[in-house]
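Reading the structure
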Amino acid sequence: MPLLTVSALLVEASERPLLVDFSLDVEPGMLIEITGLNGAGKTTLLRYLAGIRRAYQGTIDYHGHGFAYVGQKPGLNASFTVMENLKWITQNAHQRVAEADLNDVLADLGMKSRRNTPVGSLSAGQVRRCGLACLRVLDAEMWLLDEPLTSLDASAVDWLKESLSTHRGRGGAAIVATHSTLNLPDTRFIDLNAP
Amino acid sequence: MNAFVIAFNRTLRLGWRHPLDSLNPMAFFIIVTSLISLTIEGGPAASENALAIAVLWVVLLLSTMMASGSAFAQDFEDGTLEQMVSQQQSLYATVQGSVAARWFISSFPLLALVPLGAWMLNLDLQLWGILFLSLIAGSVVFTFFGVLGATLTLGIGRNGVLLALLVLPLYVPVLLLGVGACQRYTSEESFEFALIGIFAIATAAITFLPFAIAALLRVSQEY
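Residues numbered from 1 in each chain as written. Chains lettered and ligands numbered in written order. Predicted model: local features only at pLDDT ≥ 70, side-chain atom pairs only at ≥ 80, totals over all residues.

**Section: the interface of chain A and chain B**
Facing the 18 residues of chain A at the interface are 18 residues of chain B. Partitioned by chemical class, the residues of the side of chain A that touches chain B number 9 nonpolar, 7 polar and 2 charged. (Contact = placed C-beta atoms within 7 Å. Nonpolar A, V, L, I, M, F, W, Y, C, P; charged D, E, K, R; others polar.)

**Remarks on the sheet that holds strand β3 (residues 31-35) of chain A**
All names here are of chain A. Strand order in the open sheet made by the 5 strands is β5-β6-β7-β3-β8, with parallel pairing throughout. For this open sheet the edge positions go to β5 (67-70) and β8 (187-191), each flanked by a neighbour on one side alone. Averaged over neighbouring strand pairs, the angle between their axes works out to 15° when direction is ignored. Across 4 bridges, the pairing between β3 and strand β7 (residues 173-177) is parallel. Directly across from glutamate 33, in β7, lies its bridge partner valine 176. Against the sheet, helix α4 (residues 124-137) engages β5 and β6 (142-146), with an angle of about 175° to β5. Against the sheet, helix α5 (residues 154-169) contacts β3, β6 and β7, and its axis sits at roughly 145° relative to β7. (Pairing = 2+ DSSP bridges. Helix = DSSP H or I, 4+ residues; strand = E, 2+ residues; numbered from the N terminus. Axes fitted to C-alpha atoms, helices over the stretch in contact; angles between N-to-C directions.)

**Focus: the packing of helix α1 (residues 3-17) of chain B against helix α6 (residues 92-120) of chain B**
The axes of two packed helices give the description: the angle between them and the distance between them. Residues and elements named next belong to chain B. Two elements in contact, α1 and α6, have axes separated by 7 Å at closest approach and are oriented at 35°. Between α1 and α6 the crossing geometry is right-handed. In contact with Ala3, Phe4, Val5, Ile6, Ala7, Phe8, Thr11, Leu12 and Gly15 of α1, α6 contributes Ala93, Thr94, Gln96, Gly97, Ser98, Ala100, Ala101, Arg102, Phe104 and Ile105. (Left-handed = near helix turned anticlockwise from the far one by under 90°.)

**Observations regarding the sheet that holds strand β2 (residues 16-26) of chain A**
All names here are of chain A. The sheet built from 3 strands is open, its strands ordered β2-β1-β4 with antiparallel pairing. Whereas interior strands pair on both sides, the edge strands pair on one side only; in this sheet they are β2 and β4 (59-62). When the angles between neighbouring strand axes are averaged without regard to direction, this sheet yields 25°. Pairing between strand β1 (residues 4-13) and β4: 4 bridges, direction antiparallel.

Have a look at this one:
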């Protein structure tokens, strides 16, 4: 059974149709990279899939264990510490995660020493790392990532690739909107500019 | 933990991290009340209770509007609002919790300053009770309307004037009812109807406005 089924979705931006009758089945273990020129609708499509924008035509059905969305904005409050933000992310998703597990994820990302640092004091790359940490923190089968490589250094990119591979191996799936391919095996590409 | 408690705790913590958001409206309240008290020679006479009541209501209204104007603005900018809209089936409890915390950190301290303002404006002691009671309900409505206006103007830079234009007309009925209740009490007329009216509006605001604010939060993510 697919984790996500999208049927005949109309994707609009400013009342201009970007994708008409867009359909997609995402099976466990799949990695889909959404590519396309600027303005093709990559981010907008992901916002529909994440429920941030409402689908007025077509349907989006999740059959799995929910999703985690990491958008272009970090979704972290600059006044809160890294740990406070991660705790809020889990609470917002109605999940309970032990502090030790949050520490483990931060340690993997090389961010444990900054756990009590306000996010506003971090570099752009570190903020991005913290945003991506929610992928490992949340118990979600579907990952939706919008330009996840932005501001990341080589070690963080490796961490992301490894996390994606582990996630797929456990039966999860991911949709990634990106300009730079992740170069992971068995990736399905969807070019939004393709005729 | 339910969504109300999560949002209440989060907004309270944010208020603690940004104390000026609460202190500035308090300073505004004290300064305006002091200026009016000083510019009327010797302060308003005891017979000018109506003036003192009107001044305190209007200053509390403006202070509350000042405190509510930034609601959800930071969440909109940093993408937290995306996460709220994305992960939650209903934003109703989140909005209620957030506005309740906002009332607690901004309006509650302002209410604590009302006795000081009443003293500076020579308000009869016997009127302090009715004034305070009506202002409690009024401040709840003002906070909800302020957050509603702030949500309507999310994403619009320099939204102060627009916010005032949108929200001030909504405040007028509550202001008239509140001041009317106090003045009727002063002239020993029946004031209960007006007082019940403000509390009824406050109850309606607590119950129904979170639906409107939640819907606006969703709309703010549509563009």
